[in-house]
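Letter by letter, the chains look like this.
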Amino acid sequence: MTFRWRRCSSTLRLRTPAAICRTAPRARRWPPQATSSIAACTASRSGAFTYRPYCDHCRACVPVRVPVGDFLPNRAQRRSWRRHEGLVAVRRSLAFDPGHYSLYLAYQRHRHPGGGMDQDSREQYQHFLLHSNVDTDLFEFREQGRLRMVSLVDHLHDGLSSVYTFYEPNVPAASYGTFNVLWQIERCRQLGLPYLYLGYWIGQSRKMAYKASFRPIEGLVEGGWRRLEEMGKAGNLSGL
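Quick look at the structure, then. Source: prediction; values computed, not measured.

A closer look at the overall build of the chain
Along its length, the chain carries 6 helices and 13 strands. Going through the 240 residues of the chain one by one, you find that 45% of them count as buried. Of the contacts formed within the chain by residues at least 6 apart in sequence, a portion of 63% connects residues at least 24 apart. Entry remark: accessible area of the chain is about 12800 Å², with carbon and sulfur atoms responsible for 48%.

Considering helix H5 (residues 176-191)
Since the α-helix turns once every 3.6 residues, residues separated by three or four places project in the same direction. In a regular helix each residue adds 1.5 Å, so 16 residues correspond to 22 Å; H5 covers 22 Å between its end C-alpha atoms and thus fits that length. Listed as buried for H5 are Tyr 176, Phe 179, Asn 180, Val 181, Leu 182, Trp 183, Gln 184, Ile 185, Arg 187 and Cys 188. Gly 192 sits one or two residues past H5 and shows a positive phi near 70°.

A word on a positive patch on the surface
A cluster of like positive charges, contributed by Arg 75, Arg 78, Arg 79, Arg 82 and Arg 83, occupies part of the molecular surface. Tracing the sequence through the fold places Arg 82 in helix H2 (residues 75-84).

Looking at the environment of Leu 156
Inspection of the secondary structure assignment puts Leu 156 in the loop between strand E9 (146-155) and strand E10 (159-167). Spatially, the C-alpha atoms of Leu 156 and Leu 193 are 9.0 Å apart, while their sequence positions differ by 37 residues.

So, the packing of aromatic side chains
Per the counting criterion, the structure on display carries 17 aromatic pairs. Their ring planes at 50° and their centres at 5.6 Å tell us that Phe 96 and Tyr 101 sit as a pair that is tilted. Classification of Phe 96 by relative accessible area gives partly exposed; the value is 21%. Taken together, the ring pairs connect Phe 96, Tyr 101, Tyr 104, Tyr 125, Phe 128, Tyr 164 and Phe 166 into an aromatic cluster. Here Arg 65 stacks its cationic end above the ring of Trp 225, 4.2 Å away from the centre of that ring. Stacked on the ring of Phe 96, the Lys or Arg Arg 122 has its end atom at 3.9 Å from the ring centre.

Here we look at the nonpolar core
Core analysis: the largest hydrophobic core is formed by 26 residues, its most contacted members being Tyr 104, Leu 129, Tyr 164 and Phe 166. Where this core is concerned, the elements lending two or more residues are helix H3 (98-111), helix H4 (122-130), strand E8 (136-143), E9, E10 and H5. Among the nonpolar cores identified, the runner-up in size contains 20 residues, and Val 62, Leu 160, Trp 201 and Val 221 belong to it.

Some thoughts on H3
With 14 residues, H3 extends 20 Å from end C-alpha to end C-alpha; this agrees with the ideal 20 Å at 1.5 Å per step. If you check which residues of H3 are buried, you get His 100, Tyr 101, Leu 103, Tyr 104, Leu 105, Tyr 107 and Gln 108. N-capping of H3 is provided by Asp 97, with a side-chain oxygen placed 2.8 Å from the backbone N of Gly 99.

Section: the side chain of Arg 148
Relative to the assigned elements, Arg 148 resides in strand E9. There is a polar contact of 2.7 Å between the side chain of Arg 148 and the side chain of Glu 168. Excluding its chain neighbours within four sequence positions, the residues that come into contact with Arg 148 are Leu 87, Leu 103, Phe 141, Arg 142, Glu 143, Tyr 167, Glu 168, Val 171 and Tyr 176.

Some points on unusual backbone geometry
With an omega of 0°, the peptide bond between Arg 215 and Pro 216 qualifies as cis. Tracing the chain through its elements places Pro 216 in the loop between strand E11 (195-201) and strand E12 (218-221). For Gln 144, which is not glycine, the phi torsion reads 50° and is therefore positive. Within the secondary structure layout, Gln 144 lies in the loop between E8 and E9. Gln 144 sits in the exposed class, given a relative accessible area of 84%. The backbone of Glu 222 shows a phi angle near 55°, a positive value even though the residue is not glycine.

Parameters at a glance
Residues numbered from 1 in each chain as written. Predicted model: local features only at pLDDT ≥ 70, side-chain atom pairs only at ≥ 80, totals over all residues. Heavy atoms only, no water. Helix = DSSP H or I, 4+ residues; strand = E, 2+ residues; numbered from the N terminus. Buried < 20%, exposed > 50% of the residue type's maximum accessible area, 1.4 Å probe, protein only. Contact = heavy atoms within 4.5 Å. Areas by Shrake-Rupley, 256 points an atom, 1.4 Å probe, with all protein chains shown as cover. Expected span 1.5 Å × (residues − 1). Patch = residues over 30% accessible without salt bridge, like charges linked within 9 Å, V, L, I, M, F, W, Y side chains within 5 Å. Salt bridge = Lys/Arg side-chain N within 4 Å of Asp/Glu carboxyl O. Lys, Arg positive; Asp, Glu negative; His and termini not counted. Charge placed at Lys NZ, Arg CZ, Asp CG, Glu CD. Phe/Tyr/Trp six-rings, centres within 6.5 Å; stacked < 30°, edge-to-face > 60°. Lys NZ or Arg CZ within 6 Å of the ring centre and 35° of its normal. Core = buried A, V, L, I, M, F, W, Y, C linked by side-chain atoms within 4.5 Å. Polar contact = N/O pair within 3.5 Å; in protein donor to acceptor, adjacent residues only side chain to side chain.

This is the structure:
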């Protein structure tokens, strides 16, 4: 499925061909005081916009979270942690940094070539990642002084919400994305927060499949948080 994104200073517009499933979110701006509770339950954030998907007769987009106290890494995740545990994380201000922007473009050109975001201007980059109505932290990760990864997370009343992560795309045998989720889980533990929110999961999306590997994982289904593993065994959800 391909979406065309167009961003400007006042609005976020998403267009998708009418012939395909409209999984694209309909964006709206929420007041800052409401954003934390909304994001914790049903929404994701892109810059100053908090959004949630709305599709007629479709509930494929499932908000998911990792219960930090019950999480146990699998073998591949433990291997990723050992491989990258030398990365040094430093919290930086939510401000433009030329090195971050350069890394972002390299990541987009490698991971999403031709999707539009690989040509983002400085203004588009700032609107997408550096504008926030909530308590947001930006962390950079360096290895022997070299910038490898940048990650943004929102603080909620009961957890952290993973906003966006980008990293150096051409490092052999690297698994920065997996490591970063593990790091965010550990960050939740350090802060005494019970959940890491990972945005939306779609069972048929290969790009979102990694989220279901962090187990146990819970999804907001029919108004309540339920273990997706248990639902998968019951045949209620595909992709697990």
